[in-house]
Amino acid sequence: MLETKFLSAGSCHEEALKYACELTASIFLKDINFPDVKYIDIRCESAKEAEELNELLWIYPKDVVIPHNLTHKNDKSNFVEIGYPGSAFNTIDNKLLLNLNPDLPNQTSEYLFYYQLVIEDNSSLRERAAVTWKECKSMGLNPIFLKSKKNEKNF
């Protein structure tokens, strides 16, 4: 079964992007509190957000260089592939999906792990993530919600 976790990623877009970088670095560095996967796909809400994340991953976290690229670069050797609705991720085994987009993606069956980042903006992004939670439940998944970044070590 697809392991599904909803993670509180801050209250705004900028906090969520930084949190995605921190989380990706922890997984890349094989932190024992996170799954051991060969690849991470990060699904953004738009091409603009994907470009922002691509640039941020080169400089943040400060002491980690994570091999990554945008999906349209079609480079299968990178640990992280960044895309958005309409772009196609490489079909490779042993992957984790990190979803910055509050909406449920179509291809969750291709992954071992699904992490949904939740921007708690007390508005539409939070509401859309709640709809995604309900969709996961209706699919028979047992999502877990981790409220704050402090809880990330409790995986």
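Keep in mind the model is a prediction, meaning the values are calculated, not measured.

1. What about the packing of helix α1 (residues 13-28) against helix α2 (residues 47-59)?
Part 1 of the argument: Contact geometry for α1 and α2: axes closest at 10 Å, N-to-C directions at 50°. Our classification of the angle between α1 and α2 gives oblique. The two elements α1 and α2 cross, and the hand of that crossing is right-handed. Here α1 contributes His13, Leu17, Lys18, Ala20 and Cys21 to the contact with α2, which in turn contributes Glu49, Glu52, Leu53, Leu56 and Leu57.
Part 2 of the argument: Of the residues in the contact of α1 with α2, the class split is 6 nonpolar, 1 polar and 3 charged.

2. Some points on the pairing of strand β1 (residues 3-8)
Part 1 of the argument: Burial within β1 is extensive, with 5 of its 6 residues counted as buried.
Part 2 of the argument: Alignment of β1 against strand β6 (residues 113-118), held across 6 bridges, turns out to be parallel. From the neighbouring strand, serine 8 faces β6, where its bridge partner is valine 118.
Part 3 of the argument: Bridge count for β1 against strand β7 (residues 144-146) is 3 bridges, and the pairing is parallel. Pairing of leucine 7 across the sheet is with leucine 146, part of β7.

3. Focus on the packing of aromatic side chains
Part 1 of the argument: In total, this model carries 3 aromatic pairs according to the counting rule given.
Part 2 of the argument: An aromatic cluster of at least three residues, connected via ring pairs, comprises Phe6, Tyr114 and Trp133.
Part 3 of the argument: Its guanidinium or amino end placed over the ring of tyrosine 60, lysine 18 lies 4.9 Å from that ring's centre, counting from NZ or CZ.

4. Section: the sheet that holds strand β4 (residues 80-83)
Part 1 of the argument: Pairing is parallel in the open sheet, where 7 strands are placed in the order β3-β4-β2-β5-β6-β1-β7. Every other strand in the sheet has two partners, leaving β3 (68-70) and β7 as the edge strands with one partner each. Adjacent strand axes in the sheet meet at a mean angle of 20°, parallel and antiparallel pairs treated alike.
Part 2 of the argument: Bridge count between β3 and β4: 3 bridges; the pairing is parallel. Within the sheet, the bridge partner assigned to asparagine 69 lies in β4 and is glutamate 81.

5. Topic: α2
Part 1 of the argument: With 13 residues, α2 should reach 18 Å at 1.5 Å per residue; the first-to-last C-alpha distance of 19 Å fits that figure.
Part 2 of the argument: Residues of α2 that are buried: Glu49, Ala50, Leu53, Asn54, Leu56 and Leu57.
Part 3 of the argument: In this structure, the buried residues of α2 make contact with α1, β2 (39-43), β3 and β4.

6. Points about unusual backbone geometry
Part 1 of the argument: Residue proline 61 is reached from tyrosine 60 by a cis peptide bond, and omega for that bond is -5°.
Part 2 of the argument: Topologically, proline 61 is positioned in the loop between α2 and β3.
Part 3 of the argument: One non-glycine residue, asparagine 94, adopts positive backbone phi at about 60°.
Part 4 of the argument: Within the secondary structure layout, asparagine 94 lies in the loop between β4 and β5 (95-99).
Part 5 of the argument: We note that asparagine 122 has phi near 55°; this positive angle belongs to a residue other than glycine.
Part 6 of the argument: With respect to the secondary-structure elements, asparagine 122 resides in the loop between β6 and α3 (124-138).
Part 7 of the argument: Accessibility expressed as a relative area gives 76% for asparagine 122, which makes it exposed.

The rules behind the values
Residues numbered from 1 in each chain as written. Predicted model: local features only at pLDDT ≥ 70, side-chain atom pairs only at ≥ 80, totals over all residues. Heavy atoms only, no water. Axes fitted to C-alpha atoms, helices over the stretch in contact; angles between N-to-C directions. Helix = DSSP H or I, 4+ residues; strand = E, 2+ residues; numbered from the N terminus. Parallel < 35°, antiparallel > 145°, perpendicular 65-115°, else oblique. Left-handed = near helix turned anticlockwise from the far one by under 90°. Contact = heavy atoms within 4.5 Å. Nonpolar A, V, L, I, M, F, W, Y, C, P; charged D, E, K, R; others polar. Buried < 20%, exposed > 50% of the residue type's maximum accessible area, 1.4 Å probe, protein only. Pairing = 2+ DSSP bridges. Phe/Tyr/Trp six-rings, centres within 6.5 Å; stacked < 30°, edge-to-face > 60°. Lys NZ or Arg CZ within 6 Å of the ring centre and 35° of its normal. Expected span 1.5 Å × (residues − 1).

The values reported here are purely geometric and, on their own, carry no functional implication.
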